[in-house]
Every structure is written in C-alpha cells, then in structure tokens.
Amino acid sequence: MRRNLIILVVIAAALGGVVALSLSKGPQPRLGLDLAGGIEVVLQGEPRPGEEIQDEDLDTSVEVIRERIDGLGIAEPEIRKQGDNQISVALAEVFDSARASEIIGSTAQLEFYDLQGDAVPPSVDANGFVVPTSDLYSLISGLQADADEKGASQYYVFAADQTLIEGPARTEEAVLERLEGGVLAPGAEVLKVPADRIV
C-alpha cells in the first residue's frame, strides 16, 4: 500500500511539472529557414589582379561569416561553398537584403607581411626603422602623385577636418556610391592608395 502511494505521489509530481512547464513563458523554440522562411545571399570572391582564389580562402571566409552570424544568434544559418568562387548564406527570419548584408558584414582579409622587409616610406624612416602612424590621412595624403602615376588599389573619402568618412573601396565610383546621395560634401576629398602599396 505504501509503495503504491509513493508511485502515485511521483506520478502526480511529474504531471505537475509538465503542467508548470507548459504554462511557463520561457524561451520559444527558434524556427529554421525551412519553417520560418528567410533570405539567401550569394557572395562571389574577386581575386586581386594576378592572383587566384584558393579553396582554403573560401574555407576561411565561410568560417569568418559563420562566426559573425553565430555571434548574432541567427537561427540555423546555412553557409556553404558554391562552385569555385562563391559562398551561399541562407538566413532564417531575415527578409531584408540590406539587413542580410549588415549581418554578413564587410569583406574580411587576413594577410601576413614581413614588417621590416615590406614597409616602405612614409612607414619607415631613412634608417629603415618602422615609424608607426595612427592617422590614415597623413599616411596616404602624401602618396597621391604616386597613385596618379602607378594607379590606385584603394580609395578613401575624408572630411574637411581629415576624419575618415568612407573606405576602403576598390574604385572611386564604389567609394562615392557609399556616400549619402553619392556626392562629396563641401571640403571632403577622395584619397588614393598607390597600386604597389597596402595600407
């Protein structure tokens, strides 16, 4: 008899727990892309002139994108390589392409340089010692003649007070497109990085 009473109490407690859980307003399950809908963005890699996109480059890019999206708590993102130079990103419950671009973020690059061997003026002094610079405007403003002669690899827009407004971009048109109305404000200027330099 006592044993039956203990079993009855355990069953009643379990039923009470189930009822309490169903009535609580805890976190709701997150639906994935197949149930909630969403958007798919296809990113295409563009190699620099004279280079090719390697499979390892795409793998690294997939991981960077995955970390960005996981940090935002997007439910079940689908991120995969597609072809030789594309990455497909499917985001659940995201329907705005501008929002998708904001989530995925700008292009990430990881490059390695020999600081002593690769640095050139104005980043090194006459003795070959590296000179740190925290002001981008002063670093590239003196290189405009070189950029005109050799071509440019990057473009930046600076305000009249020499603060960075936009950039980098690969073309002048691309950096201007990012500005409100696509027009330079009074006193603003576009500065170029010579093609043989990386800032």
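What comes next is a walk through the structure. Please read these numbers as outputs of a predicted model, since none were measured by experiment.

Thresholds, definitions, all that
Residues numbered from 1 in each chain as written. Predicted model: local features only at pLDDT ≥ 70, side-chain atom pairs only at ≥ 80, totals over all residues. Heavy atoms only, no water. Pairing = 2+ DSSP bridges. Helix = DSSP H or I, 4+ residues; strand = E, 2+ residues; numbered from the N terminus. Axes fitted to C-alpha atoms, helices over the stretch in contact; angles between N-to-C directions. Polar contact = N/O pair within 3.5 Å; in protein donor to acceptor, adjacent residues only side chain to side chain. Contact = heavy atoms within 4.5 Å.

As for the sheet that holds strand β3 (residues 86-92)
A sheet is described by the order of its strands in space; here three strands give the open sequence β1-β3-β2, paired in antiparallel fashion. The sheet is open, and its two borders are formed by β1 (38-44) and β2 (78-82), each paired with just one other strand. Sheet twist, expressed as the mean angle between neighbouring strand axes with direction ignored, is 15°. Sheet topology note: the β1/β3 ladder contains seven bridges and is antiparallel. When the bridges of β3 are listed, I39 appears paired with L91.

Section: the side chain of K192
Its place among the elements puts K192 in strand β6 (residues 189-194). Within the structure, K192 has its side chain in polar contact with the side chain of D148 (distance 2.3 Å). Once you skip the residues sitting within four places of it in the chain, K192 turns out to touch I140, Q144, A147, D148, A152, Q154 and Y155.

Brief notes about the sheet that holds β6
Ordered by their spatial adjacency, three strands build an open sheet running β5-β4-β6, and the pairing between neighbours is antiparallel. A single partner strand is all that each edge strand has here, and the edge strands are β5 (164-169) and β6. Ignoring strand direction, the axes of neighbouring strands in this sheet form an average angle of 20°. Pairing between strand β4 (residues 152-158) and β6: six bridges, direction antiparallel. Along β6, the bridge assignment pairs Y156 with L191.

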